[in-house]
2 protein chains.
Amino acid sequence: MSRPIKILIIGNGFGGVYALKNLHKFFHNDKKIELALVGEKNYFLFTPLLHEVATGGINPGNIIEPIRKVLGCCLDKFYLGKAEIINFDSHTVQVENALISYDYLVLAPGAETNFYNIPGAEEYSFPLKSIADAIKIKNRCIMVMERASHVENRIKRKNMLRFVVVGGGPTGVELAAELEELIKETFSSYYPEEIMEDTSIVLIQKSPELVPAFGEKIRKKSLEILRKKGIEVMLTRTVKEVGLSYVVINENIKIFTETVIWVAGVKPAELKFNQPAKQSSDGRLVVNEYLQLENHKEVFAIGDAAAFRDANKNIFLPALAQVAEKEAKAVAKNIQLLINNKIPEKFLYRNSGNLMSLGQWMAVGEIFNFTFSGHTTWWFWRTVYLFKLISWRKKVRVAADWTMNLFSPRDISQL
Amino acid sequence: MSRPIKILIIGNGFGGVYALKNLHKFFHNDKKIELALVGEKNYFLFTPLLHEVATGGINPGNIIEPIRKVLGCCLDKFYLGKAEIINFDSHTVQVENALISYDYLVLAPGAETNFYNIPGAEEYSFPLKSIADAIKIKNRCIMVMERASHVENRIKRKNMLRFVVVGGGPTGVELAAELEELIKETFSSYYPEEIMEDTSIVLIQKSPELVPAFGEKIRKKSLEILRKKGIEVMLTRTVKEVGLSYVVINENIKIFTETVIWVAGVKPAELKFNQPAKQSSDGRLVVNEYLQLENHKEVFAIGDAAAFRDANKNIFLPALAQVAEKEAKAVAKNIQLLINNKIPEKFLYRNSGNLMSLGQWMAVGEIFNFTFSGHTTWWFWRTVYLFKLISWRKKVRVAADWTMNLFSPRDISQL
C-alpha cells in the first residue's frame, strides 16, 4: 500500500474544527487519508458564548469541548502546541519537537485581540478571547464590588463602580447587556442599595452607530435597548489611553474606572513561513477563489486569519465564526476534489443571518433583510447556539445553566 | 440604642462558614448583633470534593458557593482579603485598608499544604488545596498524555506517564482512585492502546498502612481496593526529594515521573497577633475546653488551625471538616450564652463516622465501629456529600455532573 495522504490542520477554533468535521464526512474510515490537527489548547472553545462566561451566566467548562472528543474517530494525530514554522518547500510544520509533514495544509490559526498600540490598552484592560480572559473579567467585577462596598466616599465609589466596555461590535454589545444584568440584577441581591446606586456601565464605540456590520434596523434597535437598560453608550468616541484607574477618550476627556473590557477588534494570529506569503493590509493571508494560497495550491487558509475577497461586495469577508465555518466546509470539499483529481469549486459566501442577544429575554436578529427582536428571537438565539455546541453532554449543561439563571441568580464566585 | 455587639469571623472554610450559619440561627434579625466575616476568597469551597475536580468528575464552579449567598441575611459585613494583624488589646483586626473592631472573635483560618521542607517538594509537586490547584492537576495530566502520545521511546514514555501521589491519608486515597478512573477509563477512549499500556499510578505512604486515622477494616479494605485497581501502593516509604522529572524515596530509590501530587499533610494557616498566643508543637492555637484562647476569653479558635485536646483520648482533634463544623456549632452556642450572661458549655467531640469514595461505584465507611463498603456505601457517600453542599442550585449541578459521568466520559478539557 502506498503511504497515506496527509492532511494537516493548524488551529482548533471554528475554522480548524469545522474543517476536521467536514473532512471526516468525506474520509471517515478511509485508510488512505491521515488527518492531523495542531492546536494550542486541547479543546474547542465556543467563542460566541464567552461573554456569558464573563458575566457568570454559564460555567466555564460548559462552552468547551475536548478536541479528541469532537472527532476522535477521524483525528489520527493531535499535536498540542504552537505551529512554529511552516515550510512551503519541504511541506512540513514544526510544532515543538515534532516535524510534521503534509500533503494538504489548512491554515486556521484564528485571531487575537488588537489593542491598536493604544497606550496602556494591553497593560490595563481586559480582553475577551479565552476562558481565562472571561474568568478574569468576572473576578475583577466581583473584586471591585467587594472593595467598593467598604468605601465611604461616594465619588471614589462611583469611579470604582464604573465598568467600561470598549468596542461596539456584536461582542461589545452582547457583553454590555449581560454585564448590566450581572450588576443590576445579580449583584443587587448581595450588596446594599447605596452601593448599587453607584454602579454604571459605559460602552465606547468609535463609529456613529453600534454593530456597523449589521443592518440598519438592528443597529438602531440595539442602541435603543442598551440605552433603555441604562447603559451609557458613547458614539464616535475613540480611546486614546488606558490607565490603572481611567480611560482617556477624544477631546482629552478622562473617564474614571477600574474595569476596562477591551473588545474593540482583532488581528490575525501570526504564522511564520520559510518564504513570504501574500498578506492583506491588516495582515491576513490572501487566498484565491478556491481559498488556496495563490503560490501554494496545496495550502488553504480560512477564518479570521484569511482574506477572501467577496466577489459581490468587493470586500474581504469579516472575521466571524460563521465565515470560518463555511470556508471550512468549502476547503474540505476542495481537498476531496483535488485528491480525486477533480477540479475544485469556487467558494461563494452566503450570510445566513445575524443574531445577537441583549441580556435575558431579549435578542435581535436579521435574516434576508428581515429584522426581528424580542422574546421569540431570544428563544431562537438560545436554540441556535445550543445546537451549535458540539456534544449532547454540553448541550444539556448549557441548557441547565440557562434554565437555572431563569429561576435563581447567577453564580458570583470568583474563580 | 446602644451600639451592636460585633462578632467577627476570620476564615471562609468549614469553620468560618459553619460558625456563621450557627450564629445566624441564634441571631437572625437581631439588630443588637453585627456579624462580619473576613475571607481571602469570596466563596466557600467544599474541599472534600476537590479531588473530583482535579480528576474531571465535577465542574470547578459546582463545589463553590459565594459567601454572600450562603447567608446574605445575617452577614452584615464581608471583607475580601487577608487578616494581617490581630490586636488582642484594642480588639481589632487589620484587613488591607480596613480596621475592624470586634467584641467576639472566631479564628478559623484553616490550613495550607505542608511540604515539610523536603527539597523540591514545593517547587515541583502539585498541592490540592484550592480550585486553582485542582485545575492545574487536571491540566498537567492532560498535557503529559498529549506529549507522551508523540514519544516513540517506550522507557521515556513510561516515565512520562507515571503519576505519583504522595500521601496515603483520605485525600491521597480518594484522589488515587479517581485518578485511576480518569486515566484508565476516560483517557483510554481518546488515546491508542500502546499509550495507555504505559500509564501507571504510584501512591507513596509513609506509614505501614493507608488512612491510619481510620479503623482497621477500612485501612485494609482501601489498600485492597487500590491494589485491585492496579495502583502501586508503596507503604513505609518517605519522599526525600522531588525533582522536575523524578522523586527520590528511602534507600535513594529514584522514581521517574512528571506528575507528583502532594497531599502528604497540612499545617495551620499563619496568623499574626500583637502579642504571642499559645501554640501547639505543630503551630496550632491551643484552646481551652470552651474553645477559647485561655488568656482572651472573647477569642475562639476552631478548625484546622485550632488545637483542642480530646479529653477521652488525650490527643488534639485532627484537621477534618467534620471537626471544624462541630467546633463551629459549639462556638456559636457559647457566644450566644456569653452574650446572655450565661455560662458557656464545654465542647465534646463525637465522631459521626468516616466515609471515603474509591472511584465510581465503590466507597468504604465506618460508623460506630461498624465498617461497610461497596455500591450502597458509594451511593450513601454521594448522598451525604450532596446534602452537605449548601444551595439547591449547586446540589442539582453536582448531581447532574455525577449522573453524566455514569453515561458519558469525564470532561478532559484543559482549563
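Residues numbered from 1 in each chain as written. Chains lettered and ligands numbered in written order. Predicted model: local features only at pLDDT ≥ 70, side-chain atom pairs only at ≥ 80, totals over all residues. Heavy atoms only, no water.

The name given to chain A in an unreviewed UniProt entry is NADH:ubiquinone reductase (non-electrogenic), with Candidatus Nomurabacteria bacterium GW2011_GWA2_41_25 as the source organism. For the record of chain A, the UniProt heading Sequence similarities (unreviewed entry) holds the text "Belongs to the NADH dehydrogenase family." Annotation of chain A in UniProt includes, under Catalytic activity (unreviewed entry), the sentence "a quinone + NADH + H(+) = a quinol + NAD(+)". (UniProt positions renumbered as here; feature names shortened; annotations may be inferred.)

Take the sheet that holds strand β16 (residues 246-249) of chain B next. All names here are of chain B. Ordered by their spatial adjacency, three strands build an open sheet running β15-β16-β17, and the pairing between neighbours is antiparallel. The two strands at the open ends of the sheet, each matched to only one other strand, are β15 (239-242) and β17 (253-256). Put simply, the sheet's adjacent strands are angled 25° from each other on average, direction ignored. Alignment of β15 against β16, held across three bridges, turns out to be antiparallel. Following the sheet pairing, E241 is matched in β16 by V248. (Pairing = 2+ DSSP bridges. Helix = DSSP H or I, 4+ residues; strand = E, 2+ residues; numbered from the N terminus. Axes fitted to C-alpha atoms, helices over the stretch in contact; angles between N-to-C directions.)

Moving on, we come to the UniProt feature "domain: FAD/NAD(P)-binding" (unreviewed entry) in chain A. Under the UniProt annotation, "domain: FAD/NAD(P)-binding" (unreviewed entry) lies at residues 6-328 of chain A. What you have in residues 6-328 of chain A is 29% helix and 28% strand, and the ends, taken at the C-alpha atoms, are 17 Å apart.

Opposite charge on two side chains lets them pair, provided their charged atoms get close. Across all of its chains, the model carries 35 salt bridges over all chains by this definition. Residue R284 of chain B pairs with D282 of chain B through a salt bridge whose shortest N-O separation is 3.3 Å. A single network of salt bridges, built from pairs that share partners, joins E209, E216, R219 and K220 of chain A. (Salt bridge = Lys/Arg side-chain N within 4 Å of Asp/Glu carboxyl O.)

On to the domain arrangement of chain A, then. Domain boundaries in chain A define domain 1 (5-40 + 81-113 + 267-339) and domain 2 (121-264). A C-alpha centroid distance of 35 Å is found between domain 1 of chain A and domain 2 of chain A. (Domains from an automatic or database assignment.)

Pairing is mixed across the open sheet formed by six strands, whose spatial order is β5-β2-β1-β9-β22-β21 (chain A). In this open sheet, the two strands that pair with only one neighbour each are β5 (77-80) and β21 (292-293) of chain A.

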